[in-house]
Amino acid sequence: MIKAMRTAASGMVAQQMNVDNIANNLSNVNTTGFKKSKIEFQDVLYQNYRRPGTSVALGSQVPSGLAIGYGTRVVATSREQSQGDLQATNNPLDLSISGDGYFQVQNPDGTISYTRDGALKINADGRVVTADGYFLLPEITIPEDATAIAVGTDGVVQVMVAGQDDVTELGQIELARFLNPNGLLALGHNLAATTVVSGDPILGTPGEAGFGRIDQGYLEMSNVRVVDEMVNMIVAQRAYEINSKAIQTADDMAGIANNLKR
Amino acid sequence: MIKGLFTSGSGMIPQLKKQEATANNLANSRTTGYKKDALFVKELSKARQKVADRITEWQRPMLDDIYTDYTFGNFDKTGNPLDLAIDGEGFFTLQLDDGTHVLSRAGSFTVNNAGQIEFPGGALLVGEGGPIPVGEGQVEVGADGQVFSNGALVGRITPVTVADLMQLEKLGNSMFLVPEGTELLPVPASPIQQGYLEASNVDVVREMVEMIIAFRNFEANARSLQAQEQSLEHLFNRVAGQ
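The structure presented is a predicted model; accordingly, all values stated were derived computationally and were not measured.

So, how was this worked out
Residues numbered from 1 in each chain as written. Chains lettered and ligands numbered in written order. Predicted model: local features only at pLDDT ≥ 70, side-chain atom pairs only at ≥ 80, totals over all residues. Domains from an automatic or database assignment. Contact = placed C-beta atoms within 7 Å. Axes fitted to C-alpha atoms, helices over the stretch in contact; angles between N-to-C directions. Helix = DSSP H or I, 4+ residues; strand = E, 2+ residues; numbered from the N terminus. Parallel < 35°, antiparallel > 145°, perpendicular 65-115°, else oblique. Left-handed = near helix turned anticlockwise from the far one by under 90°. Nonpolar A, V, L, I, M, F, W, Y, C, P; charged D, E, K, R; others polar. Buried ≥ 20, exposed ≤ 12 C-beta atoms within 10 Å, placed from the backbone. Pairing = 2+ DSSP bridges.

S.K.: I keep staring at the domain arrangement of chain A and nothing clicks. Help me out?
M.R.: Much of the literature gives interface size as the accessible area that the parts lose upon coming together. Residue and element names in this part refer to chain A. Assigned domains of chain A: these are domain 1 (3-81 + 224-258) and domain 2 (86-220). Here domain 1 and domain 2 have C-alpha centroids that lie 41 Å from each other. On the side of domain 2, ten residues touch domain 1, which itself brings six residues to the contact.

S.K.: Explain the packing of helix 1 (residues 3-27) of chain A against helix 2 (residues 226-258) of chain A here, please?
M.R.: The angle between the axes and the distance between the axes are what describe a pair of packed helices. Residues and elements named next belong to chain A. Where helix 1 meets helix 2, the closest approach of the two axes is 8 Å, and the angle between their N-to-C directions is 160°. Considering the angle they form, helix 1 stands roughly antiparallel to helix 2. Relative to helix 2, helix 1 is oriented so that their crossing is left-handed. A class-by-class count of the residues in the contact of helix 1 with helix 2 yields 16 nonpolar, eight polar and two charged.

S.K.: It is not clear to me how the domain arrangement of chain B should be interpreted in this structure. Could you clarify?
M.R.: All names here are of chain B. When the domains of chain B are assigned, the result is domain 1 (2-70 + 202-234) and domain 2 (75-198). Counting residues at the interface gives seven residues for domain 1 and ten residues for domain 2. Grouping the constituent residues of the side of domain 1 that touches domain 2 by class yields two nonpolar, four polar and one charged.

S.K.: Looking at this structure, how should I read the environment of M5 of chain A?
M.R.: All names here are of chain A. Within the secondary structure, M5 is located in helix 1. You can call M5 buried: it has 20 C-beta atoms within 10 Å. Spatially, the C-alpha atom of M5 lies 8.9 Å from that of S244, the residues being 239 residues apart in sequence. For M5, the residues in contact, after removing those within four places along its chain, are I247, A250 and D251.

S.K.: Can you walk me through the sheet that holds strand 11 (residues 139-141) of chain B in this structure?
M.R.: Strands pair in a sheet through their backbones, by hydrogen bonds, and they do so in one of two ways: parallel or antiparallel. Residue and element names in this part refer to chain B. Read from one edge of the open sheet, three strands run 11-12-13, paired in antiparallel fashion. Each of the sheet's edge strands pairs with one partner strand only, and the pair in question is strand 11 and strand 13 (152-156). For this sheet, the mean inter-axis angle between neighbouring strands, taken without regard to orientation, is 30°. As paired strands, strand 12 (residues 146-149) and strand 13 are joined by four bridges and run antiparallel to one another. For F148, the partnering residue across the bridge sits in strand 13 and is L153.

S.K.: Before we go on, may I ask you to explain unusual backbone geometry in this structure?
M.R.: A negative phi angle is the norm for most residues apart from glycine, just as the trans form is the norm for most peptide bonds. For the bond from L137 of chain A to P138 of chain A, the omega torsion is -10°, close enough to zero to count as cis. Take P138 of chain A: it is sitting in the loop between strand 11 (135-137) and strand 12 (146-151). With phi around 55°, H189 of chain A is a residue other than glycine that occupies positive phi space. Assignment of secondary structure puts H189 of chain A in the loop between strand 16 (185-188) and strand 17 (191-193). Taking the C-beta count within 10 Å as the criterion, H189 of chain A has 15 such neighbours and is therefore assigned partly exposed. Backbone geometry places S174 of chain B, a non-glycine residue, at a positive phi of 60°. With respect to the helices, strands and loops of the structure, S174 of chain B is situated in the loop between strand 15 (169-172) and strand 16 (175-177). Using a count of 31 C-beta atoms within 10 Å as the deciding quantity, one classes S174 of chain B as buried.

Here it is as structure tokens:
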């Protein structure tokens, strides 16, 4: 009946999504390579009762229009691409990216996805895989008799093999960058896939122009800051509350209108 | 007396609309770059005219004007290089898909897959000479609006405004429509702050007060309507009783 109720309800729905998003950020405070996301709001359509410049009686024009909005909506979530802190693990297959870029991962169905999570493992065949067992690309196989693994800041993987004095080069880890990393589709499992809006991956050598450096023995922590999220949560809760008051008021008005006839 | 019923009844309607505008402000209390609306009811100006013209008839209150308050919102620090805020007068110019230019104060931008600075929802940010190609580089925006990608100058954002802000029409999506034929005036003196967003300028306490006022005005009109109805009832009962 009163538009205010739906308008305020849109505010409550938006704040609810905001809290959902904050909760997801907070629950990923210890997730390797997690980038926190932020919700963006916009106002929605306006009902124009009268447009600015409309002629009224006597040939004069109204100086401003008369339009009342229909509330708010969530228009986008964007990920903050800031660097997470590095945590030393001393595990030779824990790699972190300092700067821009993603590791390339081959999904079981053959498609490629991208991750900042460099907690790599070796599977039964010696292949370097993610914690979920997906292959790192380009493929790298560690020989059985390897005694030490070294990954350079440029992504070159070398091993020491028992009984040999020289190091053996196994391959080179390439990183992928995107024009619009916010356009990547989060798949869960710390993975992301390309979309039309993210643009095609730009492949390159770690440490070269624009690409981040690889640090062996470190993991990139989540960039979620708990204090910020707590403050956001309080603000969102209060915004939710005030919108509920607007609904109550509109409802009370409707009640009065209904009680006019005794 | 029956006419009084209409007067009281029509006094209630603008208060409903006021409540709608307040609800919209509150719903947008967290919308980046939102500018709050206030409604005016005509009553007062008409009353003054009535005294002047010696018209004895009381005019019904009507919705007169909606006024968008363009005061600046607070700046929230986000640290995101594509979050921009205009520290002073002026708007960002955005280009819609059909080529129309609209204005906005909401500076939370991203880069699209063509490497241009984009507004959430798809419009392109327009600098001097069109969309700004930042490519894949690190974006830096100076206070003077110069946009650098990996240190190379790729464009310049100049805030613009119009002579009469009342002419702007809210389009939704945090955009303002400029009426045709209105000249856009550059405001190069307004610095651009990178890593900040302008919060909504809605003051929740004030909206709360507005809401209470609208509600009580509504209630008062309803009471007066009921009082008149009671008088009518007495009248009818007495006439019928005799």
